[in-house]
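# Structural characterization, general
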Amino acid sequence: MLQGIPSLRVMRQRGERGSNCLSPNDPLCWVPVGLGNCPMTVYLDGRRLNDLSKPPEHAFAFGVDALALPTHVAGIEVYTTGGRAPPEYQSLPGPRSCGVILIWTR
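Here goes a summary of the coordinates provided. Keep in mind it's a predicted model, so treat the numbers as computed, not measured.

Read across the sheet, four strands follow the order S4-S3-S6-S5 without closing on themselves; strand pairing throughout is mixed. Of all strands in the sheet, those with a lone pairing partner are strand S4 (47-48) and strand S5 (73-79), marking the two edges. Direction of pairing for strand S3 (residues 41-44) relative to S4: antiparallel, over a ladder of two bridges. Considered in S4, the bridge of Tyr43 is made with Arg48.

As structure tokens, this is what we get:
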């Protein structure tokens, strides 16, 4: 759903939960990234999806496609820098501030 949005890419990363990423369609292997391949901070219905137990440069939001099916999405907001997002969704300073994606479901 996020392909083609300026200043945002969907990049293949080694998935979490032991996924070996052999299948190009495995949703746990694709993550949204901003400029410089930094992790975009993703919220689904107000809940943060990024793994905060990892270092900031590896705190990717895995599995967005598996959690937010296109038929259930009511809206998507993309902020290319954390400071442009609504205050309650602004990212922490540093690598996590590369951008914010808000996904709202029906």
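A few words now on the side chain of Asn50. Within the secondary structure layout, Asn50 lies in the loop between S4 and helix H1 (64-67). Among the polar contacts listed, one links the side chain of Asn50 to the backbone oxygen of Met40, at a separation of 2.9 Å. Only 2.7 Å separates the side chain of Asn50 from the backbone oxygen of Ala59, close enough to count as a polar contact. With residues near it in sequence (within four places) discarded, Asn50 still touches Pro39, Met40, Thr41, Val42, Ala59, Phe60 and Ala61.

Right, let's talk about unusual backbone geometry for a bit. Positive phi outside glycine occurs at Asn37, with the angle close to 60 degrees. Mapped onto the fold, Asn37 is located in the loop between strand S2 (30-33) and S3. The phi angle at Asp45 is positive, at roughly 50 degrees, despite the residue not being glycine. Looking at the element boundaries, Asp45 is found in the loop between S3 and S4. When its relative accessible area of 39% is taken as the criterion, Asp45 is described as partly exposed.

With that settled, consider the nonpolar core. Among the nonpolar cores identified, the biggest contains 13 residues, and Leu8, Met40, Val42, Val64, Ala68, Ile101 and Ile103 are the most heavily contacted of them. For this core, the secondary structure elements donating two or more residues are S3 and strand S6 (100-105). For Ile103, the residues in contact, after removing those within four places along its chain, are Val42, Tyr43, Leu44, Asp45, Val64, Ala68, Val73, Gly75 and Ile76. Ranked by size, the runner-up nonpolar core spans six residues in total, among them Tyr43, Tyr79, Val100 and Leu102.

On to the environment of Pro70, then. Inspection of the secondary structure puts Pro70 in the loop between H1 and S5. In this structure, the C-alpha to C-alpha distance between Pro70 and Thr105, residues 35 residues apart in sequence, is 9.0 Å.

About the cut-offs
- Residues numbered from 1 in each chain as written.
- Predicted model: local features only at pLDDT ≥ 70, side-chain atom pairs only at ≥ 80, totals over all residues.
- Heavy atoms only, no water.
- Pairing = 2+ DSSP bridges.
- Helix = DSSP H or I, 4+ residues; strand = E, 2+ residues; numbered from the N terminus.
- Polar contact = N/O pair within 3.5 Å; in protein donor to acceptor, adjacent residues only side chain to side chain.
- Contact = heavy atoms within 4.5 Å.
- Buried < 20%, exposed > 50% of the residue type's maximum accessible area, 1.4 Å probe, protein only.
- Core = buried A, V, L, I, M, F, W, Y, C linked by side-chain atoms within 4.5 Å.

In short, the description is geometric, and any link to function would need to be established separately.
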